[in-house]
Amino acid sequence: MDNANKAPIYQRVLLKLSGEALMGEMAYGIDPQVIHRTTQALSDIIQSGVQLGIVVGGGNIFRGKGLTTSGINPVSSDHIGMLATVMNGLVLQDALQKKGIDTHVMSSVSMDGICEGYAHRKAIRYLQKNRVVIFVAGIGNPFFTTDSAASLRAVEIEANLMIKATKVDGIYDADPVQNPAAKKFEKLSYNGVLERQLGVMDLTAIILCRDNKMPLRVLDMDKAGSLMRAITGENEGTLVY
């Protein structure tokens, strides 16, 4: 059976979308073609009845590591990175609303006039009304990655699945770009990820998911139909549980 005809097995999903995924083949910024493909894939998910929350990164606009090593205060660097996630969130909101999808951007940092402040009960009410909620500005504090923010929001909104969309089709025992013989895992326990020291997400994010029994699926966002296959329960990418 074609996955387009299958019903989703998850009611509520949190998607972690990296900023880098929005660049496409560009070296910087947002590729309009990627936004079009991404929002079409998200639209298909929403039309299937899945309640969708999104945490978006900002690495396509700003990466603080270079500036930190050159002397900028790491707190300032992280605050700039939070602003980059807001930019990406507003772009996604605009693209989704042009498809007729009600979308709310909720920020961990107060930005009245630009987006709403984050409140988890309000976010859940939006999701229950089948509105997309895009969570930006990380968790509102420096030194925490957007992966940690995604794990936290997934737990708070009581998602049934967290999806991390990357440029790689799952988790490997080595970098598949540098090592063509790298082995892909179809399934892994969270403890297995920690023991193997696999760079799936940072330690805080992994432990949050593990301790709250939040299943995670890592997949390639650019692979046609990958998101739909994931929400219908097919063995897409790598499942961490």
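Residues numbered from 1 in each chain as written. Predicted model: local features only at pLDDT ≥ 70, side-chain atom pairs only at ≥ 80, totals over all residues. Heavy atoms only, no water.

## Considerations on the sheet that holds strand β10 (residues 216-220)
In step 1: Read from one edge of the open sheet, nine strands run β4-β3-β5-β2-β1-β6-β10-β11-β9, paired in mixed fashion. Lying at the two open borders of the sheet, with one neighbouring strand each, are β4 (116-117) and β9 (187-188).
In step 2: Judged from the three bridges that link them, strand β2 (residues 51-56) and strand β5 (residues 132-136) form a sheet pairing that is parallel. In the sheet register, Val 55 faces β5, and the bridge partner there is Phe 135. (Pairing = 2+ DSSP bridges. Helix = DSSP H or I, 4+ residues; strand = E, 2+ residues; numbered from the N terminus.)

## Topic: the environment of Gln 11
In step 1: Here Gln 11 is to be found in the segment before β1 (12-17).
In step 2: Residue class for Gln 11 comes out exposed when judged on its relative accessible area of 52%.
In step 3: Residues Gln 11 and Glu 25, 14 residues apart in the sequence, show an inter-C-alpha distance of 33 Å.
In step 4: Leaving out residues up to four positions away in the same chain, Gln 11 has contacts with Gly 49, Val 50, Gln 51 and Asn 160. (Buried < 20%, exposed > 50% of the residue type's maximum accessible area, 1.4 Å probe, protein only. Contact = heavy atoms within 4.5 Å.)

## Examining the packing of aromatic side chains
In step 1: Across all of its chains, the model carries one aromatic pair by this definition.
In step 2: Here the guanidinium or amino end of Arg 153 rests over the ring plane of Tyr 118, the centre of that ring lying 3.8 Å away. (Phe/Tyr/Trp six-rings, centres within 6.5 Å; stacked < 30°, edge-to-face > 60°. Lys NZ or Arg CZ within 6 Å of the ring centre and 35° of its normal.)

## Some thoughts on the nonpolar core
In step 1: If you look at the biggest cluster of nonpolar residues, it comprises 37 residues, and the most contacted ones within it are Val 13, Leu 15, Leu 17, Ile 54, Ile 134, Ile 163 and Leu 227.
In step 2: Every element with two or more residues in this core is listed here: β1, α1 (32-47), β2, α3 (74-97), β5, β6 (161-166) and α8 (226-231). (Core = buried A, V, L, I, M, F, W, Y, C linked by side-chain atoms within 4.5 Å.)

## Regarding the packing of α1 against α3
The description of two packed helices rests on the angle between their axes and on the distance between the axes.
In step 1: Following both chains from N to C, one finds α1 and α3 inclined at 60°, their axes separated by 10 Å at the closest point. In this view, α1 runs oblique relative to α3, as classed from their interaxial angle. As α1 packs across α3, the resulting crossing turns out to be right-handed. On α3, the residues that touch Ile 35, Thr 38, Thr 39 and Leu 42 of α1 are Val 91, Leu 92, Ala 95 and Leu 96. (Axes fitted to C-alpha atoms, helices over the stretch in contact; angles between N-to-C directions. Parallel < 35°, antiparallel > 145°, perpendicular 65-115°, else oblique. Left-handed = near helix turned anticlockwise from the far one by under 90°.)

## Focus on unusual backbone geometry
In step 1: Positive phi, normally seen in glycine, also occurs at Asn 130, with a value near 60°.
In step 2: Backbone geometry places Ala 137, a non-glycine residue, at a positive phi of 70°.
In step 3: Checked against the element boundaries, Ala 137 lands in the loop between β5 and α5 (146-156).

## Examining the pairing of strand β3 (residues 103-107)
In step 1: With five of five residues buried, β3 lies mostly within the body of the structure.
In step 2: Burial of the side chains of β3 extends over both faces: Thr 103, Val 105 and Ser 107 are buried on one face and His 104 and Met 106 on the other.
In step 3: Judged from the two bridges that link them, β3 and β4 form a sheet pairing that is parallel. Looking at β4, one finds that Ser 107 is bridged to Gly 117.

## Side note on the pattern of salt bridges
In step 1: Within the structure shown, the criterion is met by 11 salt bridges.
In step 2: The partner of Glu 234 in a salt bridge is Lys 6, and the shortest N-O contact between them spans 3.4 Å. Of the two residues, Glu 234 is situated in the loop between α8 and β11 (238-240) and Lys 6 in the segment before β1; the sequence distance between them amounts to 228 residues.
In step 3: With relative accessibility at 23%, the residue Glu 234 sits in the partly exposed group.
In step 4: A residue is classified by how much of its surface remains accessible, and Lys 6, at 31% relative accessible area, is partly exposed.
In step 5: Measuring nitrogen to oxygen at the nearest pair gives 3.0 Å for the salt bridge that ties Lys 164 to Asp 147. In this pair, Lys 164 sits in strand β6 while Asp 147 sits in helix α5, placing the two residues 17 residues apart along the sequence. Taken as a pair, Lys 164 and Asp 147 share a single burial class, namely buried. (Salt bridge = Lys/Arg side-chain N within 4 Å of Asp/Glu carboxyl O.)

Shape descriptors only; they carry no functional weight alone.
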